[in-house]
Amino acid sequence: MSNQDGTTKGYGFRLTERGRTRVMDMFATTYTHIPLNQIATSISVKRNTLRRILQLDLSSSTVSYSSIADLFDKLNLELTPEDVSKVQPISPETEDVGLDEISSFAEAGIPFIWPNPIRQSCNFHGRRWEIQRLKMAHDNRNHQQILGERKIGKSSLLEFCRQHAEEWHCKSAYLHGLDPMVQAEEGFCRQIAEDLGLVEHGSEECQSMSALVRLLDEWSRSTTEEELLFPVLYLDDFPVFYKQINKSLSEDREKADSFWNGLRSLLDKQSLTVITTTRTPLSEVVKDYDINAVSELIGTFSHLTLLGFNEEEAKNFVSEMRPGGFVFTPEDQDSLLDRSREYDHHPMALQILSSFVYDARVDGRESSIEEALTKANAEIMQRLPDKEGHR
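Residues numbered from 1 in each chain as written. Predicted model: local features only at pLDDT ≥ 70, side-chain atom pairs only at ≥ 80, totals over all residues. Heavy atoms only, no water.

**Some thoughts on the pattern of salt bridges**
When the charged atoms of two side chains lie near each other, side chains of opposite charge can form a pair. Within the structure shown, the criterion is met by 20 salt bridges. A salt bridge links K255 to E186, with the nearest nitrogen and oxygen atoms 3.1 Å apart. Of this pair, K255 sits in helix α11 (residues 253-268) while E186 sits in helix α8 (residues 185-195), and the two are 69 residues apart along the sequence. For E186, a relative accessible area of 28% puts it in the partly exposed group. Across the pair D268 and R264 runs a salt bridge, and its minimum N-O distance is 3.6 Å. Highlighted residues: D268 and R264, both in helix α11, separated by 4 residues, approximately one helical turn. For D268, a relative accessible area of 48% corresponds to the partly exposed category. (Salt bridge = Lys/Arg side-chain N within 4 Å of Asp/Glu carboxyl O. Helix = DSSP H or I, 4+ residues; strand = E, 2+ residues; numbered from the N terminus. Buried < 20%, exposed > 50% of the residue type's maximum accessible area, 1.4 Å probe, protein only.)

Structure (structure tokens):
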């Protein structure tokens, strides 16, 4: 199979919903109750590559066509045009780079990024005060909940922290609440231990909270102060994770108590710093749960509320030079800012507004900027229906 224009060279690829369903159905029937990392080992596919193909690793958006073809071949599945989509061109010089680099090149050439979170620091805008606040949290090992409405930039800010963790003298684990592999105690603890380098990938040494506590304690005692990088967990979308982990623990109260007490002890001892994202305060998320350790754990979190960009951040955003040397004219900048104010400079709204005007200008269409902004407004209403009352 080849993509629609007969070529795979120079493009990033992603499984369609059909393709992903076929793979997951195969796993469900052939590898029942087997963790994803063990499946990867059994079919001789790198674990991170498999996660990327299944779109469980949100730090990247595309993979190479050959990686998808290789997976289907090893699963004895026929790869059809309906299973894979060609996403975007990748420059020729990136053809031989590793999979972990592909999304970086792909995103670097995109002037405006939505609706997905921003995954490359070079495309991150504003939030200087919030970044400083989070850096201090890392320095002092304080737990933080990044709080804000949908698409306000919580995941993008969390990713920015992850990319700078080592610079901030931390080593990191990243989990997303939507990942089914971390919605049970075994997967949650194993993923943290693997990401932090406490165990080898595929190891069964850390499948409980008590094991994770022990490994972190042993690591702390065996590491000199000069070598010490403080462990930090970036947990994206805490409410989804919380709902699913409690569902998996619901039939064993003793196991639930052990899990939450163990996690609380890690946070109390500052053996693990947690930075998480949520739309509503964690105290609201957990209010109906009757395990004391949960409310005590949540009490250790400070919260950092994200709002729209301030005026200076919005001005810097629309005046910045884009790939290829493109810069909005002063008139376009003023129009973008005027319209953006109607949405309180919501970052995604500003990305959409700028994207539509950019496309019109780059395509050489000299139609009224109002036409582009009107189309952008319709897109914003679809993506951010809560913002309709602002217009």
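**Focus: the environment of F301**
Within the secondary structure layout, F301 lies in strand β7 (residues 301-305). C-alpha of F301 to C-alpha of V274: the two residues are 27 residues apart in sequence and 8.5 Å apart in space. If we ignore the near neighbours within four places in the chain, the residues touching F301 are H143, Q144, Q145, L267, V274, T276 and L282. (Contact = heavy atoms within 4.5 Å.)

**Topic: the pairing of strand β4 (residues 170-176)**
Counting buried residues along β4, 6 of its 7 residues qualify, which places the element largely inside the surrounding structure. Across 7 bridges, the pairing between β4 and strand β5 (residues 230-236) is parallel. Pairing of Y174 across the sheet is with Y234, part of β5. (Pairing = 2+ DSSP bridges.)

**Some remarks on unusual backbone geometry**
Positive phi values are uncommon outside glycine, yet R127 reaches one of about 65°. For R127, a relative accessible area of 3% corresponds to the buried category.

**Side note on the side chain of H125**
Examined against the element boundaries, H125 turns out to sit in the loop between α5 (99-108) and α6 (128-140). With residues near it in sequence (within four places) discarded, H125 still touches F309, F317, E320 and R322.

**With respect to the sheet that holds strand β3 (residues 143-147)**
Ordered in space as β4-β5-β6-β3-β7, the 5 strands form an open sheet in which the pairing is parallel. Strand pairing shows two members of the sheet lacking a second neighbour, β4 and β7, which therefore form its edges. Neighbour-to-neighbour, the strand axes of the sheet open up by a mean angle of 20°, direction not taken into account. (Axes fitted to C-alpha atoms, helices over the stretch in contact; angles between N-to-C directions.)

**Re the packing of helix α15 (residues 330-341) against helix α17 (residues 369-383)**
Running from N to C, α15 and α17 cross one another at 30°; their axes reach a closest spacing of 11 Å. Taken together, the axis directions place α15 and α17 in an arrangement best described as roughly parallel. Crossing hand, α15 versus α17: right-handed. Facing D332, S335, L336 and R339 of α15, the residues of α17 in contact are I369, E370, L373, T374 and N377. Across the contact of α15 with α17, the residue classes tally to 3 nonpolar, 3 polar and 3 charged. (Parallel < 35°, antiparallel > 145°, perpendicular 65-115°, else oblique. Left-handed = near helix turned anticlockwise from the far one by under 90°. Nonpolar A, V, L, I, M, F, W, Y, C, P; charged D, E, K, R; others polar.)

**Remarks on the pairing of β5**
Counting buried positions along β5 yields 6 of 7 residues, so the element is predominantly enclosed. By the bridge criterion, 4 bridges tie β5 to strand β6 (residues 273-278) in an arrangement that is parallel. Each bridged residue has a counterpart across the sheet, and for Y234 the counterpart in β6 is I275.

**So, the packing of helix α10 (residues 238-249) against α11**
Interhelical geometry of α10 versus α11 gives an angle of 140° and a closest axis separation of 9 Å. One way to sum up the angle between α10 and α11 is to call them oblique. Between α10 and α11, the contacting residues are F241, Y242, I245, N246 and L249 on the first element and R253, K255, A256, F259 and W260 on the second. Of the residues assigned to the contact of α10 with α11, the class counts are 7 nonpolar, 1 polar and 2 charged.

**Points about the nonpolar core**
The biggest cluster of nonpolar side chains holds 41 residues, and the ones touching the most others in it are F188, M209, L212, L233 and W260. Looking at this core, the elements that each hand over two or more residues are β4, α8, α9 (209-222), β5, α10, α11 and α13 (292-298). Broken down by element, this core gets its largest block of residues, 7 residues, from α9. Leave out the neighbours within four places in its chain, and M209 touches E185, F188, C189, S258, F259, G262, L263 and L266. One finds F317, L337, V357 and I380 within the second-largest nonpolar core, a separate group that totals 24 residues. (Core = buried A, V, L, I, M, F, W, Y, C linked by side-chain atoms within 4.5 Å.)

**Looking at empty space enclosed by the protein**
Enumeration over the complete set of coordinates arrives at 5 cavities of 30 Å³ or more. In this structure, the largest cavity encloses a volume near 90 Å³. Taken together, 11 residues form the lining of the largest cavity, with N37, R47, M181, R190 and Q191 sitting closest to its centre. Within the residue set of the lining of the largest cavity, elements represented by two or more residues are α2 (36-42), α3 (47-53) and α8. When residues in the lining of the largest cavity are grouped by element, the largest group, 4 residues, is from α8. For the lining of the largest cavity, the class distribution of residues is 4 nonpolar, 3 polar and 4 charged. (1 Å grid on protein atoms, 1.4 Å probe; cavity = no way out; pocket = protein on both sides within 12 Å on 5 of 7 lines; lining within 4 Å. Points joined across faces, edges and corners; volume = space filled by probe spheres on them.)

**What about the packing of aromatic side chains?**
Under the criterion given, the structure shown has 14 aromatic pairs. When the centroid spacing of 6.3 Å and the interplanar angle of 20° are considered together, the rings of W114 and F356 count as stacked. Note that W114 is positioned in the loop between α5 and α6 and F356 in helix α16 (residues 347-362), a separation of 242 residues in sequence. For F356, a relative accessible area of 22% gives the class partly exposed. For the ring pair F259 and W260, a centre distance of 5.0 Å and an interplane angle of 90° mean the geometry is edge-to-face. (Phe/Tyr/Trp six-rings, centres within 6.5 Å; stacked < 30°, edge-to-face > 60°.)

Bear in mind that shape data such as this cannot, by itself, settle questions of function.
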